[in-house]
Amino acid sequence: MESILQLFEVPFHFLRVPIVRLKTPTFPSFSPMLVFCFVFLTYFLVLSGIIYDVIIEPPSIGSSRDEATGSVKPIVFMKYRLNGQFIIEGLSAGMLFSIGGLGVIILHRSSQKLQSEKVRYLLILAGVLCVMVSYNLCILFLRNKIPGYQKSF
Amino acid sequence: GINAEYGGFVSIVMNKQTLDKIPFRLRTTKQEILLRIGVLTLIYIIAFSTRLFSVIRFESVIHEFDPYFNFRSTKYLVNEGFYNFINWFDSAAWYPLGRIVGGTVYPGLMFTAAAVYWIAHFFHVTLQIRNVCVLLAPFFASNTAIVTYFFAKEVSDSNGSGLVAAAMIAIVPGYISRSVAGSYDNEGIAIFALILTFYLWVKSVKTGSLFYSTLCALAYFYMVSAWGGYVFIINLIPMHVIALLLTGRYSNRLYIAYCTLYVLGTILAMQISFVGFQAVQSAEHMLALGTFGLLQLFVGVNWIKKHIGADLFRTFFRIAATIAIALFALALAIGQATGYISPWTGRFWTLLDPTYAKDHIPIIASVSEHQPTTWSSFFFDLHLLVFLLPAGLYFCFKKLTDANIFAILYGITSVYFAGVMVRLMLVLAPISCVLSSIAVSHTLDTYLKFFKGNKGKKEEFPAQKEVGLVMVAGLSVLLILYVFHCTWVTSEAYSSPSIVLAAKQPDGSRLIFDDFREAYWWLRQNTEPDARVMSWWDYGYQISAMANRTVLVDNNTWNNSHIALVGKAFASNEDAAYEIMRQLDVDYVLVIFGGLTGYASDDINKFLWMVRIGGSTDPNIQESDYFTPSGEFRVDSSGSTVLLNCLMYKLCYYRFGQVYTEKGRGSGYDRVRNVEIGNKDFDLDYLDESYTTQHWLVRIYKVRPPNNRG
């Protein structure tokens, strides 16, 4: 037993061990809100249909020729189809979804304890505006895309 | 005497004399419970009735394609019995190969419907099996709403949140699309099993009770028997365990819950013959196994740490961790190299690498449900929930608990998977309801408190009451708009039986196209019982169920080369196709043609997929041969000659060249492709036209026997 331990000591008679300050890697700890920001960003990307964009590779914006003048007009929405989109159309819709979500979060923050009343009313106004504008714009987008939306009952 | 707890009005009815002794108002807690039960009853009724549009408009009929196979299997189970069903070898499908149904099907759906049928018959309520199958999905949707109430209550610790979640999931279009009456498919019961398993898992993590963990394993067993999507559960729960370990939330409850679930659940999962040993071999289940091992290691290491000092432990831990990781990596490598651990199958690999199916497996890529999702599909299927989901996530992140972390993980993973495949919007719908309900419940709580005001105390800020009123009113308006949207979507988009088509005529009356059932019944009544029918795989299940004839390929799509052979037959000219049809003993050929009616999902529009799939095994079939020189797919006179002489073209357009379809157009005007067809006058050399339905939607041809010699 002793001789085996002495065998292990042999290399160190002619090798000098360098002084190395190494630390075992620790798992970095994130605050929950930081993780939430990252999750929110991926939510925005996925709901914009980015996976559809990567696989199907649609144009970023559609185009049609104007009959009279021959100039090329851009078309933002791919009409009559729920399962098709252009890239910019998807990203703007995703932005609206995110703003709507932020609006609800802002409304919650406005109900907590705050420094001044002015901030509170500003937050309420901002939250209500975010939610109302984003919801109504989304409905407008959808009506533009599917002309028959909520018409035939 | 009266039980004073039982409630006022019952006692009043029973004994007038004691009227004075009863408190006139029920106690608050009893009021709450009554209100909750009332709301849940209403939600139950609504969830069932909103799915009945197609039953009311048409009749109680099974929809789509896959449900017809499930219906035929259920009839077989009810007529032949349990053991004959498990050992069923179906020789009437995939001629000449046959299909081992017992081992290639998830039997949960058939057993559930048969159980409902047998229980009803036991009480002498003689329901028809068809009605049981048609109405099973709405029945289970109502049950899902109730289970979602419990799940949301566990996750958020608030009753109001549970009620909102139940109300939302009762009508959310993403779930309705796969659970209308008539849609007799696995997802109808699978979502119920999914939420039940998740509810029991959260409950067992919170209580650490062996009872709930065992119930969770049983619910997991039901889920495995119901749907292939059980892989989601067996990967999400280990992810939750790992997340709890990483955030320092280990507890004995977690250990008990996961070990019980994994051991019992895996053993139970292996009882389903379709899963079998995949539960311990396939790569999709490896995360669960790894987490099981990791949990044992974690507990063992903690136990050692308690017994030796901190310094000694640090050195020991470093050595042990290195050895353990090395061993694990070695085991994984050996398992992968020897093939014992089978790699991720194509369908699930597509979820991780969405470009895989497009390049390698055209059959998976061709199914429209497997396409990635656009923003409009998200908004159409979830409406208000897309706004409330991130807010719900925010509330969960603010106050992290074990149950919250599970909801967050479920939400994030299902958003990603729903983005990859439209069909998986179904899995996103429940958690979006739960997370949105958390947001709604929090908001309503805060602002209703503002509105009601603190009793007697001054307002915290001016106009508090008004702000509260406006907020609550605004949220109510949004929720009402959600209901309008969901009902409109259910009525217009998701209630079509697709076996029966309806069109509105200019004078407002409805024109019904019942061609499919007309053709299948013609086949049933006018052909030999052992006749073999060749058609594209979409219609296989329907032909088997309604016409009761042998088919070559059906929707199971388990044999790619057999389908490629059928695709090659349709894509070749008549001589080559006749060779293939004689090899396969085909008696009848069935095609779907929409050119007369304008029905766009016909075989000519699917033809390019036949070419692609046929070309995946036979390199002689080139997709470019079927396009014009400029790369367009045209059926008029400028179309490619290969296309204009292939079997599919001839069978669809036989005698169509003499038909006038629209005013002002020539004869043979195809109303789907909007052109006059190119090859009008031709005769069929090897087939005879047997039957064409009223609107030319389904065309059946008989294959002529070979000529006699001499």
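Residues numbered from 1 in each chain as written. Chains lettered and ligands numbered in written order. Predicted model: local features only at pLDDT ≥ 70, side-chain atom pairs only at ≥ 80, totals over all residues. Heavy atoms only, no water.

### Let's talk about the overall build of chain A
From N to C terminus, chain A includes five helices and two strands. Tracing chain A from N to C terminus, the helices and strands come up as α-α-α-β-β-α-α. For 153 residues, the compact-globule formula gives about 15 Å, and the C-alpha radius of gyration of chain A, at 29 Å, lies well above that figure. If you line up chain A on its principal axes, its C-alpha atoms span 95 × 50 × 35 Å. A fraction of 57% describes how many contacts in chain A between residues 6 or more apart in sequence connect residues 24 or more apart. Each charge sign in chain A was given a centre, from 14 positive and 8 negative side chains, and these centres are 12 Å apart. (Helix = DSSP H or I, 4+ residues; strand = E, 2+ residues; numbered from the N terminus. Rg over C-alpha atoms; globule rule 2.2 N^0.38 Å. Contact = heavy atoms within 4.5 Å. Lys, Arg positive; Asp, Glu negative; His and termini not counted. Charge placed at Lys NZ, Arg CZ, Asp CG, Glu CD.)

### Description of the packing of aromatic side chains
Residues and elements named next belong to chain B. The full count for this structure, using the stated rule, is 56 aromatic pairs over all chains. Centroid distance Phe380 to Tyr494: 6.4 Å. Interplanar angle 75°. Geometry classified as edge-to-face. With a gap of 114 residues between them, Phe380 in helix α20 (residues 375-382) and Tyr494 in the loop between α24 (464-492) and β3 (501-504) connect regions that are remote in the sequence. Measuring from centroid to centroid gives 6.4 Å for Phe406 and Tyr410, while their planes differ by 45°, and the two rings are tilted. One end of the pair is Phe406 and the other is Tyr410, both in helix α22 (residues 402-420) and four residues apart, which spans about a single turn. (Phe/Tyr/Trp six-rings, centres within 6.5 Å; stacked < 30°, edge-to-face > 60°.)

### With respect to the side chain of Ser437(B)
Residues and elements named next belong to chain B. Its location among the elements puts Ser437 in helix α23 (residues 425-452). Classification of Ser437 as buried rests on a relative accessible area of 0%. If we skip the residues at most four places from it in the chain, Ser437 touches Ala152, Ser161, Val164, Ala165 and Met168. (Buried < 20%, exposed > 50% of the residue type's maximum accessible area, 1.4 Å probe, protein only.)

### Things to note about the confidence of the model for chain B
Residue and element names in this part refer to chain B. Confidence in the prediction of chain B, expressed as mean pLDDT, is 89, and 93% of residues score 70 or more. In this model, residues 1-20 is a region of pLDDT below 50 whose contacts with residues beyond four sequence positions or in other chains number eleven contacts. What the predictor reports for the complex is a pTM of 0.88 with an ipTM of 0.87. (pLDDT = per-residue confidence, 0-100.)

### Digging into the interface of chain A and chain B
With 55 residues of chain A at the contact, the number on the chain B side is 50 residues. Together chain A and chain B conceal approximately 4700 Å² of surface at their shared face, both sides included; 77% is due to carbon and sulfur atoms. For chain A, the biggest contributors to the area lost against chain B are Tyr43(A), Ile55(A) and Tyr135(A); these three give 14% of the whole. Summed over the shared surface of chain A and chain B, the number is zero salt bridges. Viewed at the interface, chain B and chain A are joined by eleven residue pairs in polar contact (both at pLDDT 80 or more). Those elements that place two or more of their residues in the side of chain A that touches chain B are α2 (32-47), α3 (50-56), α4 (87-110) and α5 (117-145) of chain A. (Buried area = accessible area lost by both parts, 1.4 Å probe. Salt bridge = Lys/Arg side-chain N within 4 Å of Asp/Glu carboxyl O. Polar contact = N/O pair within 3.5 Å; in protein donor to acceptor, adjacent residues only side chain to side chain.)

### Let's talk about empty space enclosed by the protein
Left-over empty space is what a probe sized like a water molecule reveals as it rolls over the atoms. Residue and element names in this part refer to chain B. All chains considered together, the criterion is met by two cavities of 30 Å³ or more. Put simply, the second largest cavity is a space of about 30 Å³. Lining the second largest cavity, in full, are Tyr220, Ile234, Tyr262, Thr266, Ala269, Ala279 and His285. Among the elements that make up the lining of the second largest cavity, the one with the highest residue count is helix α13 (residues 252-269) (three residues). Class assignment of the residues belonging to the lining of the second largest cavity gives a composition of five nonpolar, two polar and no charged. (1 Å grid on protein atoms, 1.4 Å probe; cavity = no way out; pocket = protein on both sides within 12 Å on 5 of 7 lines; lining within 4 Å. Points joined across faces, edges and corners; volume = space filled by probe spheres on them. Nonpolar A, V, L, I, M, F, W, Y, C, P; charged D, E, K, R; others polar.)

### What about the sheet that holds strand β5 (residues 532-534) of chain B?
To summarise the sheet geometry, strands pair through backbone hydrogen bonds and adopt either a parallel or an antiparallel arrangement. Pairing is mixed across the open sheet formed by five strands, whose spatial order is β6-β5-β7-β11-β10 (chain B). Each end of this open sheet is capped by a strand with a single partner; those strands are β6 (550-551) and β10 (687-692) of chain B. (Pairing = 2+ DSSP bridges.)

### Digging into the pattern of salt bridges
Residue and element names in this part refer to chain B. What the rule picks out here adds up to 28 salt bridges over all chains. With a shortest N-O distance of 3.3 Å, Lys203 and Glu154 are connected by a salt bridge. Highlighted residues: Lys203 in helix α10 (residues 186-207) and Glu154 in helix α7 (residues 129-156), separated in sequence by 49 residues. Judged on exposure class, the residue Lys203 and its partner Glu154 are both buried. In this structure, Arg655 and Glu689 form a salt bridge, with 2.8 Å as the shortest nitrogen-oxygen distance. Of this pair, Arg655 sits in the loop between α31 (647-653) and β8 (669-670) while Glu689 is found in strand β10, placing the two residues 34 residues apart along the sequence. Beyond isolated ion pairs, a larger network of salt bridges with shared partners links Glu154, Asp157, Lys203 and Lys206.

### Section: the state of the cysteines
Within the structure shown, the criterion is met by zero disulfides over all chains. The structure places no disulfide on Cys37(A), whose sulfur is separated from the nearest cysteine sulfur, that of Cys396(B), by 15 Å. There is no disulfide at Cys216(B), and the cysteine sulfur nearest it, in Cys259(B), is 13 Å away. (Disulfide = S-S within 2.5 Å.)

### Focus: a negative patch on the surface
Taken together, Asp575(B), Glu579(B), Asp681(B), Asp683(B) and Asp685(B) make up a surface patch of like negative charges. Mapped onto the secondary structure, Asp683(B) falls in the loop between β9 (675-676) and β10. (Patch = residues over 30% accessible without salt bridge, like charges linked within 9 Å, V, L, I, M, F, W, Y side chains within 5 Å. Areas by Shrake-Rupley, 256 points an atom, 1.4 Å probe, with all protein chains shown as cover.)

### Focus on the nonpolar core
The biggest cluster of nonpolar side chains holds 238 residues, and the ones touching the most others in it are Phe151(B), Phe198(B), Trp201(B), Phe570(B) and Tyr653(B). Among residues more than four places away in sequence, those in contact with Phe570(B) are Met534(B), Ser535(B), Trp536(B), Val589(B), Leu590(B), Val591(B), Phe607(B), Met610(B), Cys646(B), Leu647(B), Met648(B) and Leu651(B). (Core = buried A, V, L, I, M, F, W, Y, C linked by side-chain atoms within 4.5 Å.)

### What to know about α13(B)
Relative to the 26 Å expected for 18 residues at 1.5 Å per residue, α13(B) spans 25 Å between its end C-alpha atoms, a close match to the ideal helical length. The inward-facing, buried residues of α13(B) abut α10, α11 (210-226), α12 (230-246), α14 (278-281) and α15 (286-307) of chain B. (Expected span 1.5 Å × (residues − 1).)

### Comments concerning the side chain of Thr527(B)
All names here are of chain B. Tracing the chain through its elements places Thr527 in the loop between α25 (515-526) and β5. Here Leu523 takes part through its backbone oxygen, which lies 2.5 Å from a polar atom of the side chain of Thr527. One polar contact links Thr527 to Arg549, side chain to side chain, over a distance of 2.7 Å. Residue contacts for Thr527: discarding those within four places in its chain leaves Trp522, Arg549 and Tyr588.

### A word on the pairing of strand β7 (residues 588-592) of chain B
All names here are of chain B. In terms of residue burial, β7 counts as a mostly covered element, since five of its five residues are buried. Burial along β7 is two-sided: the residues Tyr588, Leu590 and Ile592 and Val589 and Val591 are all buried. The pairing of β5 with β7 spans two bridges and is parallel. When the bridges of β7 are listed, Val533 appears paired with Tyr588.

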